[in-house]
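The lines below spell out each chain.
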Amino acid sequence: MNLPAGETKVKWNKWWRPDEHNERRSVMLCAVAALLGLLIAGAGLFSARGTRIAGVPPEDVAVVNGSPILLSDYVVQLQALYNVSLSDATPDQKRAALNSMIREELYVQRGIELGLQNDFTEVRNSLVNSVEAQQEIDGNATVPTEEELRDFYQSHLANFQPEGVMTLTDYVAPDQGSAQRAVMAVRSGKALAATMAAEGLKSSGATDDGEEFYFAAEQHLGPTLFAIAKSLQDGQVSEPTADGGRVHVLAMQSNRKPVAEDFNAARDQVLASYRTDKIARMRAGTDRFLRQRADVQIAKALQ
Amino acid sequence: MRPLRARVLVPLLAIAFLLVVVVALAGFQRRERRELLQADADRILDDPRLAPRALAKGRKVFLANCAVCHGADGRGSTATGTPDLTDQDFLYGTGRASEIEAIVLHGIRSGDDKGWDLAWMPAYGHAVPYAREKLPSLSPPEIEQLTSFVRTLSGASGEDPKAAAAGGALYEGRGGCWDCHSRDAQGDTAIGAPNLTDRIWLRGDGSRRDISRIIRDGLHGVSPAFRGRLDPANVRAVAVYVASLHARKGN
């Protein structure tokens, strides 16, 4: 029904007068507010990062049953298959690369449907490795403060010592008596080589290559003799020591013991070590968490 | 006092206006994000419309996430072995934005299966120099010989020719250095093996002490994977920004 202009104005004025009760206005405003709320919630729901309901997001090239195929992976695939960039790829190359990726995704999804992780050792290993890799990724992304890094360095000084280096000769004596006489003579100031030769001591050949790292000396001498060698100072000879059925005398020419590098020189190693330590702690934490929340029942025979 | 109607209408109109502005801004940002992500990463720097926006956004992302290691100017640090991103000496790839984007997403030795992790510099002064492959340890004199050889590659003077020749034999033989750094010592950007002839040093300054230390203790820097930590548009923007650092200098 058409109302005269004056009458419409009167009605609108009445509708917008907040000091007057108007049920229709209340309902209308509630409806508008509800609609607005729904619109905002809908926009948030369907456009939030990671939401793949409203079409293919710009960072993906396809969405297969809700699983995205990333554009960045697609670019790598084009490069790997045809050695071309996205712009230089022909439509056929693009199609073929995309098809291969969609096929792979479908097969992965099918594999999960079939529960292949229960049947194939390789799949199980890959899953375990992937979870561990995720912890490694998180650990490697850690950026400690300078203070944390310095604290870590102080509490793990031994990790930042380069190997010690020693140069020595391992003499083998014909018997305990000649070994003892040779040691006494050298300690009293006689020339090493002449004294050893005079008493019939010969080099075992184990350390004749000259300067070597501690780990190499340990391999060449064995743990007993290496422990003695480590404690010798430059120019010292050891007590005669029986090892492996022979009597040995060690003559140390030079023994550079490991000394921790200063923080600034070792900074990159400290950071790497800090991250490795963090990854180990994260793995231990994940193990505990998974066990705590799991319902593990063990057969009586094995309890 | 204003009539009650005006007191209600004005705020309502203001809210409506704000809503329109917010929706318009969100729409603009979505369009910008879409354009950035759907463009070819390697062509964005040549696009006069996209490039300034990508660079501005990329710089912010760089400062917030990368500068802590590479420095605000992207020049890295030879003290910590962090690569200079502004030069033309590429450890991995050829410096294209798409390659950098893959590094930002998946990292280098980050643990991400899609990241770069084909080789590490072995620590020849350790009992087990390389975990993935059986390699021999070298003795301190051998490390010194190899150091002499590496220094002569980049034209350093004052090296004992005999020691350098012995180092060359180790490079080609027992040390297996050629396998990564190649026979001509020019490195291999497919595995991140540096060029040893160009006088550009990743760690240290090419002194005997620095080179000998690297041969003794190895080197394997890590670049974290930002997949899942950064929005894809931010990854794209920072890759374009980093590509611009060396592109500017190169051009």
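This structure is a prediction, so every number in the text was calculated from the model and none was measured.

Caption draft 1: Main features of the interface of chain B and chain A. Each side of the interface is counted separately: chain B has 38 residues, and chain A has 34 residues. Within the residue set of the side of chain B that touches chain A, elements represented by two or more residues are helix 1 (4-38), helix 4 (97-106), helix 5 (140-153) and helix 8 (208-217) of chain B. Among the elements that line the side of chain B that touches chain A, the one with the most residues is helix 1 of chain B, at 7 residues. In the side of chain B that touches chain A, the residues fall into 14 nonpolar, 11 polar and 13 charged.

Caption draft 2: Quick peek at the pairing of strand 1 (residues 60-64) of chain A. All names here are of chain A. Examined bridge by bridge, strand 1 and strand 2 (residues 67-70) share 4 bridges and lie antiparallel to one another. Bridge assignment links alanine 62 to a residue of strand 2, and that residue is isoleucine 69. Taken together, strand 1 and the strand that follows it, strand 2, pair antiparallel across an intervening segment of 2 residues, in which asparagine 65 is found at a positive phi of about 50°.

Caption draft 3: Main features of the domain arrangement of chain B. All names here are of chain B. The assigned domain composition of chain B is domain 1 (39-117 + 223-250) and domain 2 (140-217). On a C-alpha basis, the centres of domain 1 and domain 2 stand 28 Å from each other. Contacts between the two partners involve 12 residues from domain 1 and, on the opposite side, 11 residues from domain 2.

Caption draft 4: Fine view of unusual backbone geometry. For Asn65(A), which is not glycine, the phi dihedral falls at a positive 50°. Mapped onto the fold, Asn65(A) is located in the loop between strand 1 and strand 2.

Caption draft 5: Region of the structure containing the packing of helix 5 of chain B against helix 8 of chain B. Residue and element names in this part refer to chain B. The geometry of helix 5 relative to helix 8 is characterised by a closest axis approach of 9 Å and an angle of 120° between their N-to-C directions. When the axes of helix 5 and helix 8 are compared, the pair comes out oblique. Pair helix 5 / helix 8 crosses with right-handed handedness. Of the residues in helix 8, those touching helix 5 at Ile143, Glu144, Leu146, Thr147, Val150 and Arg151 are Arg208, Ile211, Ser212, Ile215 and Arg216. Class assignment of the residues belonging to the contact of helix 5 with helix 8 gives a composition of 5 nonpolar, 2 polar and 4 charged.

Caption draft 6: A look at the nonpolar core. Residue and element names in this part refer to chain B. Counting 41 residues, the largest nonpolar core has Val104, Ala237, Val238, Ala239, Val240 and Val242 as the members making the most contacts within it. When residues in this core are grouped by element, the largest group, 10 residues, is from helix 9 (residues 232-250). Look past the residues within four positions of alanine 237 in its chain and what remains in contact with it is Leu36, Ala54, Lys57, Gly58 and Val61.

Caption draft 7: Quick peek at the environment of Ser87(A). Here Ser87(A) shows up in the loop between helix 3 (71-82) and helix 4 (91-114). Considering only alpha carbons, one finds Ser87(A) and Ala62(A), 25 residues apart in sequence, at a separation of 18 Å. Ignoring anything within four residues of it in the chain, the contact list for Ser87(A) reads Asp40(B), Asp42(B) and Arg43(B).

Caption draft 8: Highlighting helix 11 (residues 263-293) of chain A. Taking the largest bend as the criterion, helix 11 of chain A deviates by roughly 40°, centred on Gln269(A). Taken together, the buried positions of helix 11 of chain A are occupied by Ala266(A), Arg267(A), Asp268(A), Val270(A), Leu271(A), Tyr274(A) and Arg275(A).

Rules and cut-offs
Residues numbered from 1 in each chain as written. Chains lettered and ligands numbered in written order. Predicted model: local features only at pLDDT ≥ 70, side-chain atom pairs only at ≥ 80, totals over all residues. Contact = placed C-beta atoms within 7 Å. Helix = DSSP H or I, 4+ residues; strand = E, 2+ residues; numbered from the N terminus. Nonpolar A, V, L, I, M, F, W, Y, C, P; charged D, E, K, R; others polar. Pairing = 2+ DSSP bridges. Domains from an automatic or database assignment. Axes fitted to C-alpha atoms, helices over the stretch in contact; angles between N-to-C directions. Parallel < 35°, antiparallel > 145°, perpendicular 65-115°, else oblique. Left-handed = near helix turned anticlockwise from the far one by under 90°. Core = buried A, V, L, I, M, F, W, Y, C linked by C-beta atoms within 7 Å. Buried ≥ 20, exposed ≤ 12 C-beta atoms within 10 Å, placed from the backbone. Bend = angle between axes of the 7 residues up to and from the residue.

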